[in-house]
Amino acid sequence: MKTGNAQTLFNQALEEVIPHLNHFGPINTIIGIPFYNEKDSLLEILQMIEHNPEELPSSNTLLLCCGDPAGAGIIEDIQALNLSTPHFAFVMKPGANGRGASIRALLEIAKHLEGDLIIIAADLRQEQGQGFKVDWIKQMARPIQSEYDLTLVNFKRHQLEDLVGRLFTSPSMEVFYGYRVTDPHSGMYAINHDLVEDLCQ
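Residues numbered from 1 in each chain as written. Predicted model: local features only at pLDDT ≥ 70, side-chain atom pairs only at ≥ 80, totals over all residues. Heavy atoms only, no water.

The next point concerns the overall build of the protein chain. Along the protein chain, the regular secondary structure elements total seven helices and eight strands. Residue pairs in contact within the protein chain that sit at least 24 positions apart in sequence constitute 78% of those at least 6 positions apart. Summed over its atoms, the accessible surface of the protein chain is roughly 11,000 Å², and 50% of this surface lies on carbon and sulfur atoms. (Helix = DSSP H or I, 4+ residues; strand = E, 2+ residues; numbered from the N terminus. Contact = heavy atoms within 4.5 Å. Areas by Shrake-Rupley, 256 points an atom, 1.4 Å probe, with all protein chains shown as cover.)

Here the focus is helix α2 (residues 39–50). Given a rise of 1.5 Å per residue, twelve residues ought to cover 16 Å, and the 16 Å separating the end C-alpha atoms of α2 matches this to within 8%. Regarding α2, the residues found buried are S41, L42, L43, I45, L46, M48, I49 and E50. (Expected span 1.5 Å × (residues − 1). Buried < 20%, exposed > 50% of the residue type's maximum accessible area, 1.4 Å probe, protein only.)

Here helix α5 (residues 135–144) has its buried residues at I137, M140, A141 and I144. All buried residues of α5 lie within an arc of 95° about the axis, which places them on one face of the element. In this fold, the buried residues of α5 make contact with β1 (29–35), α2, β4 (116–119), β7 (150–152) and β8 (189–191). (Arc of directions from axis to C-beta.)

Let us look at the sheet that holds strand β2 (residues 61–67). Read from one edge of the open sheet, six strands run β3-β2-β1-β4-β8-β7, paired in mixed fashion. Sheet topology places β3 (87–91) and β7 at the edges, where each strand pairs with a single neighbour. Here the strands of the sheet are splayed against their neighbours by 15° on average, with no regard to which way each runs. Both β7 and β8 contribute to a ladder of three bridges, which runs antiparallel. Along β8, the bridge assignment pairs L152 with Y189. (Pairing = 2+ DSSP bridges. Axes fitted to C-alpha atoms, helices over the stretch in contact; angles between N-to-C directions.)

The tally for this structure, following the rule as stated, stands at two aromatic pairs. When the ring of F132 is compared with that of W136, the centres are 5.5 Å apart and the planes differ by 85°; the resulting orientation is edge-to-face. Against the face of F10 rests R104, its NZ or CZ located 4.0 Å from the ring centre. (Phe/Tyr/Trp six-rings, centres within 6.5 Å; stacked < 30°, edge-to-face > 60°. Lys NZ or Arg CZ within 6 Å of the ring centre and 35° of its normal.)

Glancing now at the environment of C66. Tracing the sequence through the fold places C66 in strand β2. For the pair formed by C66 and R104, sequence separation is 38 residues and the distance between their alpha carbons is 10.0 Å. With near-sequence residues (within four places) excluded, C66 lies in contact with I33, P34, F35, F90, M92, S102, A105 and L106.

The next point concerns the layout of surface pockets. Taken as a whole, the largest pocket holds about 470 Å³ of empty space. For the largest pocket, the lining is made up of 15 residues, of which L150, L152, M173, Y189 and L195 are closest to its centre. Where the lining of the largest pocket is concerned, the elements lending two or more residues are α4 (99–113), β7, α6 (163–177), β8 and α7 (193–199). A class-by-class count of the residues in the lining of the largest pocket yields 14 nonpolar, no polar and one charged. (1 Å grid on protein atoms, 1.4 Å probe; cavity = no way out; pocket = protein on both sides within 12 Å on 5 of 7 lines; lining within 4 Å. Points joined across faces, edges and corners; volume = space filled by probe spheres on them. Nonpolar A, V, L, I, M, F, W, Y, C, P; charged D, E, K, R; others polar.)

Now the structure itself:
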C-alpha cells in the first residue's frame, strides 16, 4: 500500500475518533492499550484497573484501547464490561493498522487532549500473584509527573528471552543515544505531554 494512502486512512481514523473523546472534558492522563486480538488478557487488565481506581495516576484518567481491525470484535466485549472509569475503544482502518499505527494514534490523541500518555501492553497477565499489577501504572506515572519526560519498564526475563532486544536493540540505543536500556521491548512506557508533543511533530 502506498504511504500517502496509509496516511490518509490514519488521518480519517483520528478524525472519526477525536470528536467522541472531546466529550470527556479535561484529561490529565491517557492510559493507552494497543491491541491486536488479546481479548482475555485485555479484558482482565481493564477489570483490574476498574477494581483499583486508587491506582489511577490522576482523577481525570481516560482508558483508551486502540486496536487492529482483526480485533474489532473485542470492542463489544469491552462495552459489555460497563466500566465506570472513563474509557473508549476503537480500531484503526485497514491499511493504516498494526501496533506502530496504534501507538502513533495514541500519541496523536494524547497531544490533542493535552495529557500524559501511559502505554500498557495488551498481553500482560497475572498468574499466582506474578505478572501485571495495577500499581505499576502509578509507579510509571510518578516520574513523568515530576521532572522526567519518559519512564521505561524493565521486566525480569529469562536470559534467552528477547535476544533481539538484548543483543541488538539495547546496544544500538547505547551507541547512538548514550543510554543503556536493558529491556527496550517491554511494550510499556509513560510519556509526559511535552515529549508527546515533540514526538508528534
